[in-house]
Structure formats: structure tokens, C-alpha cells
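Listed below, chain by chain, are the residues.
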Amino acid sequence: MNAERSDTFWNPYLGGFALGLVLLTSFLVMGKGLGASGAAHRVGIAATSLVAPAHVEANPYLRDVRGNQASFLDDWMVFELVGVFLGGLLGAYSAGRLKLGVIRGKGVGIAQRLAFAFSGGLLMGLAARAARGCTSGQALTGGAVMSVGSWIFMLSVFAGGYGAAWFVRRQWQ
Amino acid sequence: MIFPFESLDASSREVGLVLGLVIGVGFGFVLERSGFGRATKLAAQFYLRDMTVFKVMFTAIVTAMLGLVAAAGLGLTDLRATSELIVSWTYVWPMLIGGIVLGIGFIVSGYCPGTGLVSSASGNIDGMFAFGGVIAGTVLYSELQQIPAFQQFHLSSEKGAWFLYDLVKVPPQVLAVGFAVMALAAFAGAEVVERLVNSPERRVTVWKVAAAAFAAFGAVALLSLAVPKSTQAAPAEKPLAIAPSELARNVIAEPWRWRLEGDTAVDLSTGRALAITGGAAAWKSDPLVVSMTSGGGYVAPAPARPTGTFTKPKKKGGGCST
């Protein structure tokens, strides 16, 4: 549907500039930044409360996330995250790369790749709660407003990534 | 001050939520088109083969930073108040350790939380597993918070709303331009690194480039040691010593203002500790003090100690004026 090849991406500086404009719009219009992990937390709690509502009510760190809304999902960040999903879908579809599959290096099989993806995700979920945000909410958003903690976080992310890269290099060969 | 529109978080909340959806679509679309839905492309950043993550991220940061500072300069928004709305407080240790763990999770999974979702949206099952892991991790963290020691770590080293322009004592406008200049230099470096790592005729092994980068980062890190030192030393530049006789006169004049703690006297009106010249011994042998305490005509009143410990007032966040 689009002449663009599926391996073609935007020039990184152009992409970064566009991302910066989206971020700036969010700052000025909403007084909020972009994020992903906060909404993921809410989705996780909402799912948990479907299965075990009593468990959620017994833990104040889960229960109180709801604030004064009726649902854990009634929050700006959740709407923003739904938008991220739709935007990703739109971007992939219009570029002709909307396709079910598993992205992996030659060094790993599918099962191992998925195990790596999940366990890495688990680590990131834990880390994002400790840091009050992830690469979107702290590094990108907080970095742009020059928050000290966000810059500590951002440098630590790169340190952690480069430090661990050697150990998982076969996955990405 | 026009921005942000506070009603979008209050009376017109529904409009704000729809705008959130729209902003999210923009975010997701740009991430996907920049190639952030692909684990192999993101992971290549950590092997220096493809610096797209770095380039996109820093271009975005500098763009939004300059835009926000410019908007504040035009009087459209209040930089500090808006920044305090946007970002969380600083918690040094949780953010440092959280950053390292997130970096490890990034290279293991091939995504960060947001890009994991974008990858899921483009049909990648590995992205779905990564984002599923993120969801599970955030809930697991809330379970761990029920352990008191863990919660203590979670709340440790809180610095309130803290910005780099507070730390280095440079106007935010100057700092933002400084970041822009640094970013341009770093982009030039990133292009060189990509060319060296990927060019077949000049096979520079990755570790050599990595070693050079680490040396450069290390040098910057060592240099930056001087920065927090100089700012932390700033309050200490003022003379922090007081002569026993001067202190004695002060104590007689305003006994409620002083609390003596061994070799130091705490000025309760400023919260500043002053070292007594010569220490506690000199204080006790000062003629005025001797006359005060030796049952002479003047008896020092019992120090009016405020109960509890004196803590410096801390600036709390939340510049919301609604």
C-alpha cells in the first residue's frame, strides 16, 4: 500500500526532531511528559484485580494507584499508552511492515528469544518502578526538563546496557 | 503564562484524555518510523553498530528542551513550575540502580518498555513478551514494596524537585544551549563511530572503539566530580567558625537561637552549624562562660531547646496551582 520499503526508516535526526515536537506539545498543552511504564503498571493491576481483587485491595501499593477514580485504567497515561499502540500500528501498517513474527539475531532460537524478551521486560518493569519512570518518562521526558534524577537514570541505563552487552552478544549476532 | 492548560487535568478532563490518545499516536508513530519497533536495531546501539537510539533520543531531548526554554522565555509558560509538573522528584539511589537494571533489561530483551509496545503493535511476538514482562515487573515491584526494607530503599535519597540548573548554578537557557552544542559534537562522534565499526576496509574492532568511548566518558566523569564538589562547597564558603567569646555574647543575647553540640554550635535561625574555635574546651574556659556557669551574678537561662531534630526546609514538588 506504500511505496516505502519495509527496511526504510526515517533519518534519525528527523525522527528525533519529530519526537521532540511531540514531547514539547505534551509539555506545553498538558503539562505532562510521555511515558510507558506507569500505564503498564495500571494495566497490570487492572488485570490482577480481575483475577484476584482481594489481593489488590490488600496491598496499598497496588490499591492506591487507582486514586479517586473508579478504575485503574481511568488515567491520562493509559490513554496515552493506547495511543502509542495505535500509532505504532499505524506506522508499521503504512510502511508495509505489519507482520506477525519474532525478531531475533541468528544466534538464538525462537523459544530462547522469547524467554530473553520476557525476562528482560521483567527486569525493566522492576527498574522502572524504582526509578519512577522508564526511558520515556525519565530519560526522554525528564532529560528534556533537565531533571537531575532523570540524567542520573539515563547515564545508568547506558552504563547498564553497555556493561551487560558482552554477556548477551550471541543473541544479537 | 498560558501553558499548560490546567483545565485539561481538571474540568475538561475528558478532552485531556482524548488529547493524551492523540499525543500517544504521535509518539508511537514516530518511534515506529524511526525503527524503534525492531529489537535488532535497538540492540545494535549497545554494540556501536547503529547509533540510531542515541541520535533519535538526544535530538528529541534537545528539541523539547530548547522549545520549552524558549516558550518560557516568551512568557508562555513557567519553566520551573511546568517542569515540576512534568517530572518526578529525584531519588538518587533508586534512580541509579533502577537505571542500571533497566539498561540490563534493555539489552537482554532488545526493547525498552515503550518500544516493546510499539514492536507489539507491529506484530512482533518478542515485543509482546517484552511488554508483558514489563507489566509483570511493575506489579511485582509493588508486591516487594510491602517489605519494609525494600520500601525504605524505594524512598531513600529523596532530593525533591531538582534540576541541573540548580546543581551547576547556570541559567537554564545557557544550559540548554550547552546541551545543544554537546549533542552536535556527540552526533559527529556517533557518525565516526558507526563508520569505523561498519567499514570493511578499516576494521577497527568494536572493543577498541568501546575502550576509547569509555576513556572519554571516564574523563568526563572525573571532570564532573569537580562540579558537585564546588556546588556543595558553596554554602561552606562562608566562615563556619565562631570564637567562644563571640558565641557567649550571642548566647546571652539570644539563648533561644543556639544549641550547643560538643564542638559545634547550631544557629537555629539558619540551621547552620558553626565550629567553635578551639572546641568545647575553649568554650568552657571562656571568661564569659565561666562567669555564667560558676554561680556568679548571672545564671544562664536553660537553653530553650526545640524538641525534635532540626531539619532544613525542603522544597517540595508539585507546582500545580489549581
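Residues numbered from 1 in each chain as written. Chains lettered and ligands numbered in written order. Predicted model: local features only at pLDDT ≥ 70, side-chain atom pairs only at ≥ 80, totals over all residues. Heavy atoms only, no water.

### Considerations on the interface of chain A and chain B
Contact residues are listed per partner, giving 121 residues for chain A and 124 residues for chain B. For the pair chain A and chain B, the summed buried surface comes to about 10600 Å²; carbon and sulfur atoms form 75% of the total. Counting the contacts that link chain A with chain B gives four salt bridges. The partner of A:Arg97 in a salt bridge is B:Glu32, with the nearest N and O atoms 2.7 Å apart. If you look at where chain A meets chain B, you find 36 residue pairs in polar contact (both at pLDDT 80 or more). Elements represented by at least two residues in the side of chain A that touches chain B include exactly helix 1 (12-30), helix 2 (37-51), helix 3 (53-58), helix 4 (60-63), helix 5 (76-94), helix 6 (110-130), helix 7 (135-144) and helix 8 (148-165) of chain A. Across the side of chain A that touches chain B, the residue classes tally to 69 nonpolar, 39 polar and 13 charged. (Contact = heavy atoms within 4.5 Å. Buried area = accessible area lost by both parts, 1.4 Å probe. Salt bridge = Lys/Arg side-chain N within 4 Å of Asp/Glu carboxyl O. Polar contact = N/O pair within 3.5 Å; in protein donor to acceptor, adjacent residues only side chain to side chain. Helix = DSSP H or I, 4+ residues; strand = E, 2+ residues; numbered from the N terminus. Nonpolar A, V, L, I, M, F, W, Y, C, P; charged D, E, K, R; others polar.)

### Concerning unusual backbone geometry
Residues B:Phe3 and B:Pro4 are joined by a peptide bond in cis, for which omega reads -15°. Mapped onto the fold, B:Pro4 is located in the segment before helix 1 (13-33). Of note, the phi angle at A:Met146 is positive, near 65°, even though the residue is not glycine. Relative to the assigned elements, A:Met146 resides in the loop between helix 7 and helix 8.

### Thoughts on the environment of B:Leu79
Residues and elements named next belong to chain B. In this fold, leucine 79 is placed in helix 4 (residues 79-86). When its relative accessible area of 13% is taken as the criterion, leucine 79 is described as buried. Taking C-alpha positions, leucine 79 is 7.1 Å from leucine 68, a pair spaced 11 residues apart along the chain. (Buried < 20%, exposed > 50% of the residue type's maximum accessible area, 1.4 Å probe, protein only.)

### Some thoughts on the side chain of A:Thr135
Among the secondary structure elements, A:Thr135 is positioned in helix 7. Of the residues examined, A:Thr135 reaches a relative accessible area of 8% and is grouped as buried.

### Structural notes on the pairing of strand 4 (residues 272-276) of chain B
Residues and elements named next belong to chain B. Sheet topology note: the strand 1 (residues 241-242)/strand 4 ladder contains two bridges and is parallel. Bridging from a neighbouring strand, alanine 241 pairs with alanine 275 of strand 4. Sheet analysis places strand 3 (residues 264-267) next to strand 4, joined by four bridges and oriented antiparallel. From the neighbouring strand, valine 266 faces strand 4, where its bridge partner is alanine 273. Counted between consecutive antiparallel strands, the loop separating strand 3 from strand 4 contains four residues, among which glycine 271 sits at a positive phi close to 80°. (Pairing = 2+ DSSP bridges.)

### Some thoughts on empty space enclosed by the protein
Taken as a whole and assessed by the stated rule, the structure comprises one cavity of 30 Å³ or more. The computed volume of the largest cavity comes to approximately 140 Å³. In terms of lining residues, the largest cavity is bounded by 14 residues, among which A:Thr135, B:Leu31, B:Phe36, B:Cys112 and B:Thr115 are the most central. With three residues, the top contributor of residues to the lining of the largest cavity is helix 7 of chain A. Counted by class, the lining of the largest cavity contains 10 nonpolar, four polar and no charged residues. (1 Å grid on protein atoms, 1.4 Å probe; cavity = no way out; pocket = protein on both sides within 12 Å on 5 of 7 lines; lining within 4 Å. Points joined across faces, edges and corners; volume = space filled by probe spheres on them.)

### A look at helix 8 of chain A
Over its 18 residues, helix 8 of chain A extends 26 Å from the first C-alpha to the last, a length consistent with the 26 Å expected when each residue adds 1.5 Å. Counting buried residues in helix 8 of chain A gives 13 out of 18 residues, a clear majority hidden from the surface. (Expected span 1.5 Å × (residues − 1).)

### Here's the deal with the confidence of the model for chain B
All names here are of chain B. In the predicted model, chain B carries a mean pLDDT of 83, and the fraction of residues at 70 or more is 82%. Contacts for the low-pLDDT stretch residues 229-238, under 50 throughout, to residues beyond four places or in other chains number four contacts. This stretch, residues 312-322, has a pLDDT under 50; its non-local contacts, to residues over four places away or in other chains, come to 17 contacts. Among the scores for the predicted complex, ipTM is 0.95 and pTM is 0.76. (pLDDT = per-residue confidence, 0-100.)

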